[in-house]
Amino acid sequence: MSIKRIDSTPRMSRIVEHGNTIYLCGQTAKDATKDIKEQTVTTLEKVEELLEKAGSDKKHILSVTIYVRDMKDFAAMNEVWDAWVEDGYQPARACVEARMARPELLVEMSVVAAKKEA
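Computed from a predicted model, the values in this text were never measured in an experiment. (Residues numbered from 1 in each chain as written. Predicted model: local features only at pLDDT ≥ 70, side-chain atom pairs only at ≥ 80, totals over all residues. Heavy atoms only, no water.)

J.: Sorry, what's going on with unusual backbone geometry here?
T.: One can expect most non-glycine residues to show negative phi and most peptide bonds to be in trans. Despite not being glycine, Asp-7 has its phi angle at roughly 55°, a positive value. Taking relative accessible area as the criterion, Asp-7 reaches 29% and is therefore assigned partly exposed. (Buried < 20%, exposed > 50% of the residue type's maximum accessible area, 1.4 Å probe, protein only.)

Below, the structure written as structure tokens:
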């Protein structure tokens, strides 16, 4: 099977497709000055935009790894997540506390999804 890389830089690709599987690079908030809820909202918006570009959507997410800077934000992040995920389409998920690339980032998500069937 071929591998397709989309929106590549010398360091990484924003989207990698292998067969019918889509891998997104880690997604963070559009504005890292906001609180955990707003950062989660805009991170999920970016996930949806990239999935659409790759021929998928949030109903086709297979798994998500969520990194939060501090577990004190876990409940607030989950409040946004739970409202975003559609019933019957919950992906496999892990959430861990992690040191972020920049201190103002509160959440990052790594997503694996399937392509929508044509």
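Let us keep going from here.
J.: What should I look at first to understand the side chain of Lys-58 in this one?
T.: You can see Lys-58 is positioned in the loop between helix H1 (36-53) and strand S5 (61-68). With relative accessibility at 18%, the residue Lys-58 sits in the buried group. Every residue in contact with Lys-58, bar those within four places of it in the chain, is listed here: Glu-48, Leu-51, Trp-84, Glu-86 and Tyr-89. (Helix = DSSP H or I, 4+ residues; strand = E, 2+ residues; numbered from the N terminus. Contact = heavy atoms within 4.5 Å.)

J.: Can you help me understand the pattern of salt bridges in this one?
T.: Oppositely charged side chains can form a pair if their charged atoms are brought close together. Within the structure shown, the criterion is met by eleven salt bridges. One salt bridge connects Lys-53 with Asp-7, and the closest N-O pair in it is separated by 2.7 Å. One end of the pair, Lys-53, is in helix H1; the other, Asp-7, is in strand S1 (residues 3-8), and 46 residues separate them in sequence. Among the salt bridges present, the one from Glu-45 reaches Lys-30, with a minimum N-O distance of 3.1 Å. Here the residue Glu-45 occupies a position in helix H1, and Lys-30 occupies one in the loop between strand S4 (27-28) and H1, the gap between them amounting to 15 residues. A residue is classified by how much of its surface remains accessible, and Glu-45, at 32% relative accessible area, is partly exposed. Here the residues in one salt-bridge network are Asp-7, Arg-14 and Lys-53, joined through shared partners. (Salt bridge = Lys/Arg side-chain N within 4 Å of Asp/Glu carboxyl O.)

J.: What is the right way to look at H1 in this model?
T.: Each α-helix turn comprises 3.6 residues. Residues three or four places apart therefore point the same way. Relative to the 26 Å expected for 18 residues at 1.5 Å per residue, H1 spans 26 Å between its end C-alpha atoms, a close match to the ideal helical length. Buried residues of H1: Ile-36, Gln-39, Thr-40, Thr-42, Thr-43, Leu-44, Lys-46, Val-47, Leu-50 and Leu-51, and no others. Buried residues along H1 sit in contact with strand S2 (13-18), strand S3 (21-24), S4, S5, helix H2 (74-84) and strand S7 (107-114). Between the side-chain oxygen of the N-cap and the backbone nitrogen of Lys-37 there are 3.2 Å, and the N-cap of H1 in question is Asp-35. (Expected span 1.5 Å × (residues − 1). Polar contact = N/O pair within 3.5 Å; in protein donor to acceptor, adjacent residues only side chain to side chain.)

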